[in-house]
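Read off the chains here:
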Amino acid sequence: MGDCVHVAGLYNFMRIAENEGYQTVFLGPAVDVAQLADALIKEKPDMVGISYRLTPEAFEKMVPALKRAFEGYSNSSCTYLFGGTPPVTRIAVQSGLFAACFDGTETEEAMLNCVRGEEVSGGPEKYPTGLVERINWKRPFPIIRHHFGLPTMPESLHDIVKLAESCELDVISLAPDQNAQESFFRPEEMDPLQDGAGGMPVRTEKDFCLLYEATRIGNYPLLRSYAGTRDLLPMGSMLKKTINQAWAAIPLCWYSELDGRSTRPLENAIREALAVIRWHGENGIPVEVNEAHQWSLRDAPDTIAVAMAFLAAYNAKKAGVKHYVAQYMLNNPPGTSPAMDLAKMLAKIELIESLHDDQFCTYRQTRTGLTSLPSDIVLAKGHLAASTMLQMALRPHIVHVVAHCEADHAARADDIIEAVKIAKGAIKLGLYGFDTLVNSPEVKARKEELIAEATILLDAIKSLAPASVNDPWADPATLATAVRYGLLDAPHLRDHKVALGLVSTRIIEGACRAINPQSGKPLSEDQRIMSLKQMKFKATI
């Protein structure tokens, strides 16, 4: 209105209204009251949104003319909305002309409720209790997840209340300590000296129930928890009963002898993981198989990460999962360039979403790379914002925020709320994607290269299986053999009892590639597999 030309927020609001089914008319910047009055009569709107971001004194002088314009429009059911800076918004509220006023501090839910003509309810009936329903309700915004776990239960219960009251998070991802992850059902094996290490010391079903009850306020966030590193099936059943597990995150190869977080033999761990995935599918619980980024965290070639992203989703589908959460961790390994990051994720997306049918649907969950955050907290805030902005190019359904303080200390409620607000600032700017980045020749060429190389690797894995195996990609023995023979490998697995650990990688022009350790030159996937066939060390393919 008036001399104000700041319309970016108003324009974004119109896009949100269009997503909700409205036909919108944009009058442009610096609209005088007479022009608005004419537009009301001509367009006959059901909803009118105006914005003013200059001085409150100037807007206050405009209020009488606005009142006359609104009174001159015959549609008494029309809803009038206002957006501006906090000082101007206070004048708008005092005027009594507007059904809702926004000063930029409101949640996405408040904005969506207003556009949908809904009242903001303080009860649980307002907030969907299932993952898919929450995603659909929150669109076009992604739902926000953050992990949470402090070293004592009193601290955790105190801070989880603050998180729910803040209404900033849609999903609180509970982080039990390592004792609970490995020995929840075997308390006699726990090491008291490790209580609170890596998370909260949940010890009984009642502890989980208390956490759930503490969050039945605010925006009633969904809860989920780590699957544990053994006794996965009892853990899954208990989490469904106590916290209404929003979705389960179950690794395929990890939390085993491969990473030392459990002593389970690799093939047994894969077999148990598939059984647990199947149980969740049968019980209608969405599943995430947090597999691919585990390889990248150990500097595996991008090709292996892409192939394992596909195999994780493939195994979930074969196990009967209908709603699959595909995690895309950016900045991993550190040194990966933004363009090559996008290419790797787009290759994963294309392979994973090729599995879609009327019985299998996936949801994109993006996150900042865990090892990429600087320990300097101010620098980490910038990194979080930049990483989140890049993630929006992938049009995520879920953004897994990683607090800027993680490289320094475990995030408390205030840290998490601040981190989520930083991420939301980037999300709002990137809400409609970055088609120019996604469609750049450099990104598209690398994506196609990775898909081709991952296909070669997947075919090689399939070739390991005996003729009697009907589906090698879903066969625990075949997958374990692929690790043992080095088809699935990472530099961090050197001198490992179950993995070959001989692959060498280097970041070359922003991509993590396998290299010849003698020459330092990159190896194609065909060349890498051929070199494995020629080895005489642990096995011959």
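Bear in mind the structure is a predicted one, so any value in this text is a computation, not a measurement.

J.: What's the story with the nonpolar core in this structure? I'm lost.
T.: Taken as a class, soluble globular proteins show a tendency for nonpolar side chains to be buried jointly. The biggest cluster of nonpolar side chains holds 78 residues, and the ones touching the most others in it are Leu-258 and Trp-295. If you list the elements that add at least two residues to this core, you get α11 (266-282), α12 (292-296), α13 (302-318), β9 (323-329), α14 (338-353), α18 (441-463), α19 (476-485) and α20 (525-533). Per-element accounting of this core gives the leading share, 11 residues, to α13. Not counting residues up to four positions away in its chain, the partners in contact with Leu-258 are Cys-253, Leu-266, Trp-295, Val-483, Leu-493, His-496, Val-498 and Ala-499.

J.: Honestly, the side chain of Glu-288 in this entry has me stumped. Any pointers?
T.: In this structure, Glu-288 sits in strand β8 (residues 287-288). By relative accessible area, Glu-288 is classed as buried at 1%. Polar contacts involving the side chain of Glu-288 include one to the side chain of Trp-247, which spans 2.8 Å. With sequence-adjacent residues up to four places away left out, Glu-288 is seen in contact with Arg-145, Trp-247, Ala-248, Ala-249, Ile-250, Tyr-324, Val-325, Gln-327 and Gln-365.

J.: Is there a simple way to explain empty space enclosed by the protein in this structure?
T.: Gaps left between atoms show up when a probe the size of a water molecule is rolled over them. Counted under the stated rule, the structure contains 4 cavities of 30 Å³ or more. What the largest cavity holds in volume is close to 70 Å³. Together, Val-289, Asn-290, Glu-291, Ala-292, His-293, Ala-309, Tyr-324, Ala-326, Gln-327, Tyr-328, Lys-348 and Ile-352 line the largest cavity. Sorting the residues of the lining of the largest cavity by element identifies α12, β9 and α14 as the ones contributing at least two each. For the lining of the largest cavity, the element with the highest residue contribution is β9, accounting for 4 residues. Of the residues belonging to the lining of the largest cavity, the class tally is 7 nonpolar, 3 polar and 2 charged. The calculated volume of the second largest cavity comes to roughly 60 Å³. As for the second largest cavity, its lining consists of Pro-128, Thr-129, Tyr-212, Arg-216, Tyr-220, Pro-221, Leu-222, Leu-223, Ile-243 and Asn-244.

J.: Is there a simple way to explain the pairing of strand β13 (residues 511-515) in this structure?
T.: Two faces make up the sheet, and in a regular strand the side chains alternate between them. With respect to burial, β13 is a largely interior element, 4 of its 5 residues being buried. Pairing analysis gives 5 bridges linking strand β12 (residues 504-508) to β13, with the strands arranged antiparallel. Paired with Ser-504 across the strands is Ile-515, a residue of β13. Hairpin remark: β12 followed by β13, antiparallel, with 2 residues in the connecting loop; positive phi at Glu-509, about 50°.

J.: Explain helix α5 (residues 108-115) to me, please; I cannot follow it from the model alone.
T.: In an α-helix, one full turn covers 3.6 residues, which means residues spaced three or four apart are oriented alike. Counting buried positions along α5 yields 7 of 8 residues, so the element is predominantly enclosed. Looking at α5, one finds that the buried residues are Glu-108, Glu-109, Met-111, Leu-112, Asn-113, Cys-114 and Val-115. Residues of α5 that are buried in the fold lie against α1 (8-19), β1 (47-52), β2 (79-84), β3 (100-102), α6 (131-138) and α16 (413-429). Looking one or two residues past α5, Gly-117 carries a phi angle of roughly 70°, positive in sign.

J.: Please clarify how the confidence of the model for the protein should be interpreted in this entry.
T.: Detailed reading of the predicted model is not advised wherever pLDDT is low. Mean pLDDT over the protein: 92, with 98% of residues reaching 70 or higher. Note on residues 537-541: pLDDT is under 50 here. Beyond four places in sequence and across chains, it has 13 contacts.

J.: Quick question: what am I supposed to make of the side chain of His-147 here?
T.: By secondary structure assignment, the location of His-147 is in strand β4 (residues 143-148). Given a relative accessible area of 16%, His-147 falls into the buried group. Polar contacts involving the side chain of His-147 include one to the side chain of Glu-406, which spans 3.2 Å. Apart from the residues within four sequence positions on either side, His-147 is in contact with Ser-173, Tyr-226, His-400, Glu-406 and Ile-416.

J.: Sorry, what's going on with the pattern of salt bridges here?
T.: Where charged atoms from two side chains of opposite charge approach closely, those side chains can pair. For the structure on display, the rule yields 29 salt bridges. Salt-bridge contacts for Glu-168 lead to Lys-424; the nearest nitrogen and oxygen are separated by 2.7 Å. With Glu-168 in the loop between α7 (153-166) and β5 (171-174) and Lys-424 in helix α16, the pair connects residues that are 256 residues apart, well separated along the chain. Since its relative accessible area comes to 10%, Glu-168 is described here as buried. Under the relative-accessibility criterion, Lys-424 is labelled buried at 6%. Between Lys-447 and Glu-448 there is a salt bridge; the shortest N-O distance is 3.4 Å.

J.: Looking at this structure, how should I read the packing of helix α15 (residues 377-391) against α16?
T.: Packed helix pairs are characterised by how far apart their axes lie and by the angle those axes make with each other. Interhelical geometry of α15 versus α16 gives an angle of 40° and a closest axis separation of 8 Å. Along this stretch, α15 crosses α16, giving a crossing that reads as right-handed. Seen from α15, the contacting residues are Lys-381, Leu-384, Ala-385, Thr-388 and Met-389; seen from α16, they are Glu-418, Ala-419, Ile-422, Ala-423, Ala-426, Ile-427 and Leu-429. When its residues are assigned to classes, the contact of α15 with α16 shows 9 nonpolar, 1 polar and 2 charged.

J.: Looking at this structure, I do not really get α11. What am I missing?
T.: For α11, which comprises 17 residues, the first-to-last C-alpha distance of 24 Å matches the rise-based estimate of 24 Å (1.5 Å per residue) to within 8%. Just downstream of α11, Gly-284 is the residue with a positive phi angle, here 70°.

J.: In this structure, what is going on with the environment of Lys-444? I would like to understand it.
T.: Within the secondary structure, Lys-444 sits in helix α18. For the pair Lys-444 and Leu-258, spaced 186 residues apart in sequence, the C-alpha to C-alpha distance is 33 Å. Apart from residues no more than four positions distant in its own chain, Lys-444 is found in contact with Val-438 and Asn-439.

J.: Just checking my understanding: could you explain the environment of Ala-269 for this structure?
T.: Relative to the helices and strands, Ala-269 resides in helix α11. For the pair Ala-269 and Leu-379, spaced 110 residues apart in sequence, the C-alpha separation works out to 39 Å. With residues near it in sequence (within four places) discarded, Ala-269 still touches Leu-252, Ser-256 and Arg-264.

Reading guide: rules and limits
The residue numbering used here restarts from 1 in each chain and proceeds along that chain's sequence as written. Totals for whole chains, interfaces and linings use every residue, but because this is a predicted model, local features are given only for residues with pLDDT of at least 70 and side-chain atom pairs only at 80 or more, for both listing and counting. Remark: hydrogens and water are excluded; side-chain values derive from all non-hydrogen atoms of the structure. Here, the term nonpolar core denotes a set of buried Ala, Val, Leu, Ile, Met, Phe, Trp, Tyr and Cys residues that are joined through side-chain atoms within 4.5 Å. Note on classification: 1.4 Å probe, protein chains only; a residue is buried when its accessible area is under 20% of the maximum for its type, exposed when over 50%, partly exposed between these limits. Secondary structure elements are defined from DSSP: runs of H or I of at least 4 residues count as helices, runs of E of at least 2 residues count as strands, and each element is numbered from the N terminus. Should any heavy atoms of two residues lie within 4.5 Å, those residues are considered in contact. In protein, a polar contact means a hydrogen-donor-capable atom and an acceptor-capable atom, both N or O and within 3.5 Å, with residues adjacent in sequence counting only if both atoms are side-chain atoms; elsewhere, any N or O pair within 3.5 Å suffices. Of the two site types, the cavity is a set of points on a 1 Å grid over the protein atoms alone where a 1.4 Å probe fits but cannot get out, and the pocket is an open set with protein on both sides within 12 Å along at least five of seven lines, each lined by residues with an atom within 4 Å of a point. Grid points are joined across faces, edges and corners, and a volume is the space filled by probe spheres set on the points. Note that Gly is not counted as nonpolar here; it falls among the polar residues with everything else outside the nonpolar set of Ala, Val, Leu, Ile, Met, Phe, Trp, Tyr, Cys and Pro and the charged set of Asp, Glu, Lys and Arg. The criterion for strand pairing is that DSSP finds at least two bridges linking the strands in question. Residue-level confidence of the predictor is what pLDDT reports, using numbers from 0 through 100. For salt bridges, the criterion is a side-chain nitrogen of Lys or Arg within 4 Å of an Asp or Glu carboxyl oxygen. The convention used is that axes are lines fitted to C-alpha atoms, helices contributing only their stretch in contact, and that angles between N-to-C directions extend from 0 to 180 degrees. A crossing counts as left-handed when the near helix is turned anticlockwise from the far one by less than a right angle, and as right-handed when that turn is clockwise. A helix is expected to span 1.5 Å multiplied by its residue count minus one.

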